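Below are the chains, spelled out letter by letter.
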Amino acid sequence: IAGITQAPTSQILAAGRRMTLRCTQDMRHNAMYWYRQDLGLGLRLIHYSNTAGTTGKGEVPDGYSVSRANTDDFPLTLASAVPSQTSVYFCASSDSASEGNTGELFFGEGSRLTVL
Amino acid sequence: AQSVAQPEDQVNVAEGNPLTVKCTYSVSGNPYLFWYVQYPNRGLQFLLKYITGDNLVKGSYGFEAEFNKSQTSFHLKKPSALVSDSALYFCAVRGVSGGYNKLIFGAGTRLAVHP
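These notes cover the structure that comes with them.

The rules behind the values
Residues numbered from 1 in each chain as written. Chains lettered and ligands numbered in written order. Predicted model: local features only at pLDDT ≥ 70, side-chain atom pairs only at ≥ 80, totals over all residues. Heavy atoms only, no water. Buried < 20%, exposed > 50% of the residue type's maximum accessible area, 1.4 Å probe, protein only. Helix = DSSP H or I, 4+ residues; strand = E, 2+ residues; numbered from the N terminus. Pairing = 2+ DSSP bridges. Salt bridge = Lys/Arg side-chain N within 4 Å of Asp/Glu carboxyl O. Contact = heavy atoms within 4.5 Å. Disulfide = S-S within 2.5 Å. Phe/Tyr/Trp six-rings, centres within 6.5 Å; stacked < 30°, edge-to-face > 60°.

All names here are of chain A. By the criterion of burial, strand S5 (residues 42-49) is predominantly enclosed, with seven of the eight residues buried. Inspection of the sheet shows strand S4 (residues 31-38) paired to S5 by seven bridges, in the antiparallel sense. Paired with Asp38 across the strands is Gly42, a residue of S5. Taken together, S4 and the strand that follows it, S5, pair antiparallel across an intervening segment of three residues, in which Gly40 is found at a positive phi of about 80 degrees.

This is the structure in structure tokens:
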């Protein structure tokens, strides 16, 4: 039973480099999310996808892009990394986003990214 | 706009004593409220949720939370703390604009249970 798999678990990156964080889920959830976790700020939503083929911006989308080509995969790309993007990144998924769904999220183990 | 506040950065409790981790919220309409726990170097795990009904919600690992509409609070409680309960706890409220399952998280409260 895998749930959500994130890769890499940890990465050190030079500023200006491109980086893609991978996220795969095997629960057939329609909705997926990327959060970043920073000390004292909790989790902030970067991007989300309510279903394959659609994406939306969260609270802090600048400098990040996502794609959702299929149900299972939701990669997060930093086109040109900056030191302020040093953080722990969590991918999550849930059942379809709808009024009748209560919204429990299932999280991956996180990807720790350091931008120097 | 929806928001969640966790007023305590850290809560210290002796093992065997009751614990409370505080959370207040601001939301238009009926709130959907959640508690998650994060152990070191792990992802967040769901503990419990309030949607409607009984104001006292029971969840995993003996935790419970009390919804208080007049005080807009959703405090997490446990009658007898264990050292293994030491972790980071997040309160969250479901956002209702643009996607119902977008959770808005508080900053987190670190719970330290001492033997």
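Summed over all chains, the structure comprises seven salt bridges over all chains. A salt bridge links Glu109 of chain A to Arg42 of chain B; the shortest N-O distance between them is 2.4 Å. Separated into two different chains, Glu109 of chain A in the loop between strand S10 (106-107) and strand S11 (111-115) and Arg42 of chain B in the loop between strand S5 (33-38) and strand S6 (44-50) make up a pair that spans both.

A word on the environment of Gly42 of chain A. If you trace the backbone, Gly42 of chain A turns up in strand S5. Among residues more than four places away in sequence, those in contact with Gly42 of chain A are Arg36 and Gln37 of chain A together with Phe90, Gly106 and Ala107 of chain B.

All right, on to the state of the cysteines then. Residue and element names in this part refer to chain A. Taken as a whole, this structure holds two disulfides over all chains when the rule is applied. Across the disulfide from Cys23 sits Cys91; the S-S distance is 1.9 Å. Between Cys23 and Cys91, the S-S dihedral sits near -75 degrees, and the bridge is therefore left-handed. One end of the pair, Cys23, is in strand S3 (residues 19-25); the other, Cys91, is in strand S9 (residues 87-94), and 68 residues separate them in sequence. Overall, Cys23 belongs to the buried group, its relative accessible area being 2%.

Summed over all chains, the structure comprises 14 aromatic pairs over all chains. Measuring from centroid to centroid gives 6.0 Å for Tyr35 of chain A and Phe107 of chain A, while their planes differ by 45 degrees, and the two rings are tilted. Residue Tyr35 of chain A is found in strand S4, and its partner Phe107 of chain A is found in strand S10; the two are separated by 72 residues along the sequence. Judged by its relative accessible area of 0%, Tyr35 of chain A is buried. Assessed through its relative accessible area of 11%, Phe107 of chain A is described here as buried. Measuring from ring centre to ring centre gives 6.1 Å for Tyr25 of chain B and Phe67 of chain B, while their planes differ by 25 degrees; the resulting arrangement is stacked. Taken as a pair, Tyr25 of chain B in strand S4 (residues 24-26) and Phe67 of chain B in strand S8 (residues 64-68) lie far apart in primary sequence, 42 residues in all. When its relative accessible area of 6% is taken as the criterion, Phe67 of chain B is described as buried. These aromatic residues form a ring-pair network of at least three members: Tyr35, Phe90 and Phe107 of chain A together with Phe34, Tyr36, Phe46, Phe90 and Phe105 of chain B.

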